Amino acid sequence: MNAKPAWNLIISAVSACILHALILNSPFNFYPYTSAIKIILFVSFPLVYFRISREMKLKDLFSVGKKKKSLLFSLALGGGVFAFIMLAFLILRQFLDSQMILGALENNGITSENFALVFIYIVFVNAALEELFFRGFVFLTLHKKAHKLFAHLFSALLFAVYHVAILNGAISIGMFVFCIFGLTVAGLIFNYLTVKCGNILGALIVHVSANLALNLIVLGYLTH
């Protein structure tokens, strides 16, 4: 077990998340800008790390190999996750403050006028970025170094805490804690799928399904 490369990876991953969070909470928080910065950070950090360390190639993260059945399982799970999120929203929506949610969306530069492009970006591009970064870069690299338990916990918690900047001010403290817990569990599920599939495609399928459900909910608020 080589500790130094692991620390390099951990510092790099945390730094990328902090940089993006700072932009989200700065006067430059305009959605096209923050999205472009996220693409740069979440692609360049893994590419530079892989190039220097030579531990993995980017194409390896998308290699299907002989685990096609695992992808079918991911498709079924994705459908279940979509249904679960929609059902949970119907049950919990009475506890959500629509004005706070709309205010948070506006603070991030998301409006009904640009939501069509935002919808496509979040569901597909953003999901791919986060899977490349959190599962391909952070989780798989640590997992291959034999830091298996730490890889699961660290990547899932980082995935959850990263979203704090997006959720900040949009929900109550109780719902905030619930979301952090839910995001951590989601991160652990994505990690499991990454191991099961041997790539990030299974997790990506479920992530896209979850983002689709969440963005349909947001669309309901914007068009209400």
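Residues numbered from 1 in each chain as written. Predicted model: local features only at pLDDT ≥ 70, side-chain atom pairs only at ≥ 80, totals over all residues. Heavy atoms only, no water.

Explain the nonpolar core here, please?
Of all hydrophobic cores here, the largest spans 55 residues; its most connected members are Phe 133, Phe 134, Phe 137 and Val 138. When contributions to this core are tallied by element, the ones reaching two or more residues are helix 1 (3-24), helix 2 (31-53), helix 3 (68-92), helix 4 (98-107), helix 5 (115-144), helix 6 (148-162), helix 8 (173-197) and helix 9 (201-223). If one sorts the elements of this core by residue count, helix 5 sits on top with 16 residues. Those residues in contact with Val 138 that lie beyond four places of it in its chain are Leu 9, Ala 13, Phe 133, Phe 154, Ser 155 and Leu 158. (Core = buried A, V, L, I, M, F, W, Y, C linked by side-chain atoms within 4.5 Å. Buried < 20%, exposed > 50% of the residue type's maximum accessible area, 1.4 Å probe, protein only. Helix = DSSP H or I, 4+ residues; strand = E, 2+ residues; numbered from the N terminus. Contact = heavy atoms within 4.5 Å.)

Can you help me understand a nonpolar patch on the surface in this one?
A contiguous nonpolar patch, built from Ile 39, Ile 120, Phe 124 and Val 125 and spanning about 350 Å² of accessible area, is present on the exposed surface. Of all the elements, helix 5 adds the most residues to the nonpolar patch, at three residues. With respect to the element layout, Ile 120 can be found in helix 5. Classification of Ile 120 as partly exposed rests on a relative accessible area of 48%. (Patch = residues over 30% accessible without salt bridge, like charges linked within 9 Å, V, L, I, M, F, W, Y side chains within 5 Å. Areas by Shrake-Rupley, 256 points an atom, 1.4 Å probe, with all protein chains shown as cover. Salt bridge = Lys/Arg side-chain N within 4 Å of Asp/Glu carboxyl O.)

Just to check I follow, could you spell out the pattern of salt bridges for this structure?
Two side chains of opposite charge can pair, provided their charged atoms sit close to one another. Under the criterion given, the structure shown has three salt bridges. Linking Lys 38 and Glu 130 is a salt bridge whose minimum nitrogen-to-oxygen distance equals 2.7 Å. In this pair, Lys 38 is assigned in helix 2 and Glu 130 in helix 5, connecting sequence segments 92 residues apart. A relative accessible area of 3% means that Lys 38 is categorised as buried. Judged by relative accessible area, which is 1%, Glu 130 ranks as buried. Between Glu 55 and Lys 145 there is a salt bridge, with its nearest N and O atoms 2.7 Å apart.

Purely geometric stuff here, so don't read any function into it on its own.
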